[in-house]
Amino acid sequence: METAALAGQSSALHIPVRRAAESHLYDVDWDNLEMGRYTSDHMFVCDFAKGRWQQPEIVPYSNFSLPPASLVFHYGQAIFEGMKAFRTEDDRIHIFRPDKHYERWGRTAERLCMPVVSEELFREGLRQLVELEQGWVPGQKDSALYLRPFQIATDTRLSVKVSDSYTFAVICLPSGPYFVRPIRVKVEREYTRAAKGGTGYAKCGGNYGGSSYPTAKAREEGYDQVLWTDGYTHEYIEESGMMNVFFVIGNALVTPPLSDSILDGVTRDSMLVLAAARGIAIEERRISITELREGLENKTISEAFGAGTGAVVSPIRSIGIDHQDYVLPVVGEPGCVALTLKTALDDIRYGRVADPYGWNYFI
């Protein structure tokens, strides 16, 4: 269990702040928070050089200046996280599950041979940035301040090597709902998101760049996303687009087990905790395309949905398997499992109920 005991406590970590000359806060259309449309006034930046992390600082949001030989442009050492800060209904602000995100950040950095910022630097950089930018945390329904920590290789000695220098930074983007309607997905039988022994469990840029082409082809066919299958046989479901995937099969909530080709989603973990607390049977196991097809045909699969930080919960309306579309019987109706779990999660994140898990880290 995570703890929010550190919330509100002062830190010995001093982070200088250089304020923006003017704020763009009043340029925001708060009723149309398209993801990525707006960035807040400031960002957190810390460089790694000469074997150690340098002085962190919070500075006005601005462009980076990097030489063309910087290794990030050539050999793929680029990682990131996706997190959110929420404004509760009693007007308090918290960051959701930063400890869990930091655990995944560490695994990702190690997989890409990158130095890992300390937990204090990670947590305090986020906290002090959000505290400064608290006016950017929206209060509208289903909205949040999206936080994007990322790290890039900045060494300019152009050879196939591990970089000796890096920039770690955090930017903030006010955001609304990611998907505003149930989605259509296609089971991907040809292309692979991740393979055993690869980087599928890490949040690195290459995983997402490599998925763009098959996703674009699926959209040409009228789908919104793809259901990724395993890279070896293409017979077992792994993820849904950029999200973990869940199915309601009979009376059980079923999701593929974590592996080195499946991301350890924070929303996924939260959903499993909340489902267990509500007495919902949980099965973390492999789901074959044969089982999926038969379950859709005989209606033993009643729901399917993706879960992730950006979308939170995205009900799946239909699934395409080998040019045959199957419509799910239940798609986001009141009382369904997807909506029940989303409501339970939102109740905690927006402060409508007490947080029994210590997930909310108040600034």
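Parameters and conventions
- Residues numbered from 1 in each chain as written.
- Predicted model: local features only at pLDDT ≥ 70, side-chain atom pairs only at ≥ 80, totals over all residues.
- Heavy atoms only, no water.
- Core = buried A, V, L, I, M, F, W, Y, C linked by side-chain atoms within 4.5 Å.
- Buried < 20%, exposed > 50% of the residue type's maximum accessible area, 1.4 Å probe, protein only.
- Helix = DSSP H or I, 4+ residues; strand = E, 2+ residues; numbered from the N terminus.
- Contact = heavy atoms within 4.5 Å.
- Axes fitted to C-alpha atoms, helices over the stretch in contact; angles between N-to-C directions.
- Parallel < 35°, antiparallel > 145°, perpendicular 65-115°, else oblique.
- Nonpolar A, V, L, I, M, F, W, Y, C, P; charged D, E, K, R; others polar.
- Expected span 1.5 Å × (residues − 1).

Asks: Lay out the nonpolar core with the relevant residues and their values.
Replies: Within the largest apolar cluster, 39 residues are counted, with the highest numbers of intra-cluster contacts made by Phe 44, Val 117, Phe 122, Leu 147 and Phe 168. Those elements giving two or more residues to this core turn out to be β1 (42-49), β5 (83-87), β6 (93-96), α2 (98-111), α3 (119-132), β7 (144-153) and β8 (166-175). In terms of residue count, the dominant contributor to this core is α3 (five residues). The contacts of Leu 147, once residues within four sequence positions are left out, are Glu 81, Gly 82, Met 83, Lys 84, Ala 85, Ile 95, Leu 126, Val 130, Ile 171 and Cys 172. Listed in part, the 25 residues of the second largest apolar core include Leu 272, Ala 344, Tyr 350 and Tyr 357.

Asks: So what's going on with the packing of helix α5 (residues 266-277) against helix α7 (residues 337-349)? Residues and values would help.
Replies: Between α5 and α7, whose axes approach to 10 Å, the crossing angle comes to 105°. With respect to their mutual orientation, α5 and α7 come out roughly perpendicular. Residues Thr 267, Ser 270, Met 271, Leu 274 and Ala 275 of α5 form the contact with α7, whose own contacting residues are Leu 341, Lys 342, Ala 344, Leu 345 and Ile 348. Residue composition of the contact of α5 with α7, by class: seven nonpolar, two polar and one charged.

Asks: Can you lay out α2 for me, pointing to particular residues and giving the numbers?
Replies: Here α2 spans 20 Å end to end across 14 residues, near enough to the 20 Å set by a 1.5 Å rise per residue. Judged by how many residues are buried, α2 sits mostly within the fold: ten of 14 residues are covered. If you check which residues of α2 are buried, you get Pro 98, Asp 99, Lys 100, His 101, Tyr 102, Arg 104, Trp 105, Gly 106, Thr 108 and Ala 109. Looking one or two places after α2, you find Cys 113, whose phi comes out positive at around 55°.

Asks: So what's going on with α7? Which residues, and what values?
Replies: For α7, built from 13 residues, the straight-helix expectation of 18 Å at 1.5 Å per residue is met to within 8% by its first-to-last C-alpha distance of 18 Å. Where burial is concerned, most of α7 is hidden: ten out of the 13 residues are buried. Those residues of α7 not exposed but buried are Val 337, Ala 338, Leu 341, Lys 342, Ala 344, Leu 345, Asp 346, Asp 347, Ile 348 and Arg 349. Gly 351 lies just past α7 and shows a positive phi near 75°.

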